[in-house]
There are 2 protein chains.
Amino acid sequence: MQPINLAEKLATFSEYWQPRVVGQFNGHDLMVVKVKGEFLWHKHDDTDDFFLVLQGRITIRMREGDVTLSAGEVFIVPKGAEHCPFAEEEAHVLLLEPTGTPNTGDANTAAPRRVI
Amino acid sequence: MQPINLAEKLATFSEYWQPRVVGQFNGHDLMVVKVKGEFLWHKHDDTDDFFLVLQGRITIRMREGDVTLSAGEVFIVPKGAEHCPFAEEEAHVLLLEPTGTPNTGDANTAAPRRVI
């Protein structure tokens, strides 16, 4: 029984847009990810998409407009809503998604789920 | 469409052990809470219990031993596990529980769920 230190987990890898699973909660994967640049437009038909910025700043482009998040800010993309995450500089983000959810919204293009 | 600024939400109240709902995610309430002192021993038979410390330090007493969390650390109490949160000094915590979960494990003694 140890706490999960998010900064320590983030220090173990450097790739962008490759989430690492750090815990399990009610059928969801708790993940940390480093991001920089633009991801891709996608949506999740069966789940909301939870973002908490731990360091830096990200913009979540939505069809209705951009939402910019700094450290200590959360945004929850409603299920079915198209979005495209973007970060001008490296940012660190906490994610929560049902276990098995493809990060791109498509199992064919999704990053593998790696547990650390 | 606005980000949820957790520090701003926390600045709107001062009571301890009275979670405020700040968002919704997949049937769960996302909550912030200020804690100080000892809560009570309880368990949730139907849900894991998610704690992320935003400021300060808390100890989650478990029957197997204590788990101490500082800012940036997460602990997920497995469903059914008895636990008793404690904080020597004021601490700020992010919680995630299925909507309607009593914070004490018992609807008769639970704090009301207040949305801010």
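As recorded by an unreviewed UniProt entry, chain A carries the name Mannose-6-phosphate isomerase-like protein (Cupin superfamily) and is attributed to Permianibacter aggregans.

Undergrad: What exactly am I supposed to notice about the overall build of chain A here?
TA: Within chain A one finds one helix and nine strands. Taken over C-alpha atoms, the radius of gyration comes to 13 Å for chain A, in line with the 13 Å a tight globule of 116 residues would show. Buried residues in chain A amount to 49% of all 116 residues. Entry remark: accessible area of chain A is about 5,300 Å², with carbon and sulfur atoms responsible for 47%.

Undergrad: Before we go on, may I ask you to explain the pairing of strand 5 (residues 57-62) of chain B in this structure?
TA: Look at any regular strand and the pattern is simple: side chains alternate between the two faces of the sheet. Residues and elements named next belong to chain B. As paired elements, strand 5 and strand 6 (residues 65-70) share six bridges and run antiparallel to each other. Bridge pairing in strand 6 links Met-62 to Gly-65. In textbook terms, the turn of a hairpin is the stretch between consecutive antiparallel strands, and for strand 5 and strand 6 this stretch comprises two residues.

Undergrad: Hey, could you run me through the layout of surface pockets in this one?
TA: By volume, the largest pocket is sized at about 220 Å³. Secondary-structure elements contributing two or more residues to the lining of the largest pocket are strand 4 (49-55) of chain A together with helix 1 (6-10) and strand 4 (49-55) of chain B. Tallying contributions element by element places strand 4 of chain B first for the lining of the largest pocket, with four residues. Here the residues of the lining of the largest pocket are counted per class, giving 11 nonpolar, five polar and no charged. Of the volumes computed, that of the second largest pocket is approximately 160 Å³. Every residue lining the second largest pocket is listed: Gly-56, Arg-57, Ile-58, Thr-59, Thr-68, Phe-86, Ala-87, Glu-88, Glu-89 and Glu-90 of chain B. When contributions to the lining of the second largest pocket are tallied by element, the ones reaching two or more residues are strand 5 and strand 8 (83-98) of chain B. Of all the elements, strand 8 of chain B adds the most residues to the lining of the second largest pocket, at five residues. A class-by-class count of the residues in the lining of the second largest pocket yields three nonpolar, three polar and four charged.

Undergrad: Whenever I open this one, the interface of chain A and chain B confuses me. Can you help?
TA: How big an interface is tends to be reported as the loss of accessible area on association of its parts. In this assembly, 30 residues from chain A lie in contact with 30 residues from chain B. In this assembly, chain A packs against chain B so that about 2,500 Å² is buried in total across both faces, 69% of it on carbon and sulfur atoms. The interface formed by chain A and chain B holds zero salt bridges in total. Remark: the boundary between chain A and chain B carries 12 residue pairs in polar contact (both at pLDDT 80 or more). Sorting the residues of the side of chain A that touches chain B by element identifies strand 1 (4-5), strand 2 (20-25), strand 3 (28-38), strand 4, strand 6 (65-70), strand 7 (73-77) and strand 8 (83-98) of chain A as the ones contributing at least two each. Grouping the constituent residues of the side of chain A that touches chain B by class yields 17 nonpolar, nine polar and four charged. By the bridge criterion, two bridges tie strand 1 of chain A to strand 7 (residues 73-77) of chain B in an arrangement that is antiparallel. Its bridge partner being in strand 7 of chain B, Asn-5 of chain A is matched across the sheet by Glu-73 of chain B.

Basis of the calculations
Residues numbered from 1 in each chain as written. Chains lettered and ligands numbered in written order. Predicted model: local features only at pLDDT ≥ 70, side-chain atom pairs only at ≥ 80, totals over all residues. Heavy atoms only, no water. Helix = DSSP H or I, 4+ residues; strand = E, 2+ residues; numbered from the N terminus. Rg over C-alpha atoms; globule rule 2.2 N^0.38 Å. Buried < 20%, exposed > 50% of the residue type's maximum accessible area, 1.4 Å probe, protein only. Areas by Shrake-Rupley, 256 points an atom, 1.4 Å probe, with all protein chains shown as cover. Pairing = 2+ DSSP bridges. 1 Å grid on protein atoms, 1.4 Å probe; cavity = no way out; pocket = protein on both sides within 12 Å on 5 of 7 lines; lining within 4 Å. Points joined across faces, edges and corners; volume = space filled by probe spheres on them. Nonpolar A, V, L, I, M, F, W, Y, C, P; charged D, E, K, R; others polar. Contact = heavy atoms within 4.5 Å. Buried area = accessible area lost by both parts, 1.4 Å probe. Salt bridge = Lys/Arg side-chain N within 4 Å of Asp/Glu carboxyl O. Polar contact = N/O pair within 3.5 Å; in protein donor to acceptor, adjacent residues only side chain to side chain.

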